[in-house]
Structures are given as C-alpha cells and as structure tokens.
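# Remarks on the overall topology
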Amino acid sequence: MATQRKDMTCTITCWGIGVLLGIMTTVGLMVVGWSFLQGAFMGVLAWLIVGGVLAVAVCGETGRPKDNAEQIRAEMAAARERVQGATPGITPKPAPSVPADVRSKVQPSAALAGEAELAGRKGSWSYDSGAGHASGAGHDAGTDAAKPATLTAARDGKADDLKKIKGVGPKLEEMLHSMGFYHFDQVASWSEQELAWVDENLEGFKGRASRDEWVAQAKLLAQGGETEFSKRVDGGDVY
C-alpha cells in the first residue's frame, strides 16, 4: 500500500507541474497578444508534453518511481521463494541411462535405404599414369572395362590431324596423344561407355567429347570425308 501511495504521489506531482506550466504558457501568450483560445490550446499542449515527459522520466513508464527498482526485484525474489517453498522436493528426474552392453547390441531391424547400392559401389582405387586419372571399380566411367582401346604410338609414325575434329585444339590433341588416341578411326569406334570414360578423363575439358559430338565427326573423317570445320582447318582459317 505504501508503495502504491508513493507511485500515485509521484505521478500526481509530475502532472501537477505540467498543469502549472500549461497555465503559465496560456497567461504568457495572452499577455503578448494571443487570444484566449490560442493561449489555452498551447497551454494544454504544454501540459500534456511536460506532464507526460516528467511522468515517464521521473516515475518510469508504469508510473512507478525508478528508485523502487531494487524493491521490485526483492519482491519478485521473495515471491519465487514462496512458490518454491510451497512445493518442496520437486526436482526433475534424470533420463534413464542405457547400459553399454545393451547399446552395443542395438542393430537396425532392416537394411537402410541405399545401403546395398553403396556397398556395391565400393572398390579399390588406383592411379592410371597412362590416362592421368584416378579410377575405381565402382565407377562405370572410370573402370578399365570402359576405357577405349589405345595405342602406344601412332601407326606408321604418323598421327591423324585430330584438330580437324571441332572442339579439339592443340592442347586437347596433345592430351589425346598422351592418352593413346592418334587416329580418327579410334575416336569413331568409341561406344557410349567408352565415350563417357573419355569425357570423365579429359582433365580441364570434361564432357567436351560428348558435347561437340567427336564420334560422329570422326566417323566421317575416318572415311575420307570432310566437315565444314575440317575444311576451315585445311584452309588455314583455324589455328
């Protein structure tokens, strides 16, 4: 009750100061020539502004004096103690622990989705120095079974101009030579799996063989035909 009376006194005092300042504002403006209505309007405005600011600044937003903060915290602490004292001995129960021997025996009742597929894709990985790539038994495009037939050197010591295949520049031609490909008929004979293997192992140019349709071009060139691109190469317009 005493705290409530102090709150009320603080609030009334703040608004009283606002009323006093509002009256003084009204009278002062009438003295300098303002009409009564104009002076009264400004007085009411001054009362609302000053009274409200003082109530918030001095008594706090709830009308409770700021210096009562410690008392408020003490009252809240006392209330918590009373609540805890009313229900003694209530503590949360710890979760039951599972014995180690039981945890070790827990196994999934059924195979997980994708488990068989992952097991089937496991393989031993090795580095193929001839192709300059890592290959593994679980990856179709990287297995030796999918690797096209290669040569250790060009037939009769003369390689075809692989740069006539659109998409094969000087750098790629050197890479194809290092992989064992020197002739159009080699490229023309690639199966889909072999083409995928080449795509995967073109370091820095992966996917180029399929994207530029090397096999189709090589078949025509291997038969002695020409493409629009090969004609430009022969004419010196490319490279």
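Ranked by size, the top nonpolar core spans 22 residues in total, and within it Ile 165, Val 168, Leu 176, Trp 190, Val 198, Leu 202 and Trp 214 carry the most contacts. Residues in contact with Ile 165, not counting those within four places in the same chain, are Phe 184, Val 187, Trp 214, Gln 217, Ala 218, Leu 221 and Phe 229.

With respect to the helices and strands, the residue Ala 188 is situated in helix α7 (residues 184-188). Taking the C-alpha atoms as reference, Ala 188 lies 4.7 Å from Val 215; in sequence the two are 27 residues apart. Sequence-distant contacts of Ala 188, defined by excluding residues within four places in its chain, comprise Val 215, Ala 218 and Lys 219.

Buried residues of helix α10 (residues 214-222): Trp 214, Val 215, Gln 217, Ala 218 and Leu 221, and no others. Each buried residue of α10 sits inside an arc of 160° when the element is viewed along its axis, so together they form one side. Among the structural elements, α6 (170-179), α7, α8 (192-201), α9 (208-211) and α11 (228-234) are those in contact with the buried residues of α10. Directly after α10, the chain includes Gly 224, whose backbone phi takes a positive value near 90°.

Taken residue by residue, the protein chain gives an average pLDDT of 76. The fraction at 70 or more is 65%. Ignoring residues within four places in sequence, the model shows residues 61-66, a span with pLDDT below 50, making 17 contacts including any to other chains.

Turning our attention to the side chain of Ser 230. You can see Ser 230 is positioned in helix α11. Look at Ser 230 and you get buried, because its relative accessible area is 1%. Among all residues touching Ser 230, those that are not within four sequence positions of it are Lys 164 and Leu 221.

Before going further, it helps to spend a moment on the packing of aromatic side chains. Summed over all chains, the structure comprises 1 aromatic pair. Taken together, a centroid distance of 5.1 Å and an interplanar angle of 75° make the contact between Phe 181 and Trp 190 edge-to-face. By relative accessible area, Phe 181 is classed as buried at 0%. Trp 190 sits in the buried class, given a relative accessible area of 6%.

So, about the pattern of salt bridges. Close approach of charged atoms allows side chains of opposite charge to pair. Per the counting criterion, the structure on display carries 7 salt bridges. Between Glu 173 and Lys 163 there is a salt bridge, with its nearest N and O atoms 3.1 Å apart. Here the residue Glu 173 occupies a position in helix α6, and Lys 163 occupies one in the loop between β2 (133-136) and α6, the gap between them amounting to 10 residues. Here Glu 173 and Lys 163 have matching classes, each one buried. Residue Asp 234 pairs with Lys 164 through a salt bridge whose shortest N-O separation is 3.1 Å. One end of the pair, Asp 234, is in helix α11; the other, Lys 164, is in the loop between β2 and α6, with 70 residues separating them in the sequence.

Conventions used here
Residues numbered from 1 in each chain as written. Predicted model: local features only at pLDDT ≥ 70, side-chain atom pairs only at ≥ 80, totals over all residues. Heavy atoms only, no water. Core = buried A, V, L, I, M, F, W, Y, C linked by side-chain atoms within 4.5 Å. Buried < 20%, exposed > 50% of the residue type's maximum accessible area, 1.4 Å probe, protein only. Contact = heavy atoms within 4.5 Å. Helix = DSSP H or I, 4+ residues; strand = E, 2+ residues; numbered from the N terminus. Arc of directions from axis to C-beta. pLDDT = per-residue confidence, 0-100. Phe/Tyr/Trp six-rings, centres within 6.5 Å; stacked < 30°, edge-to-face > 60°. Salt bridge = Lys/Arg side-chain N within 4 Å of Asp/Glu carboxyl O.

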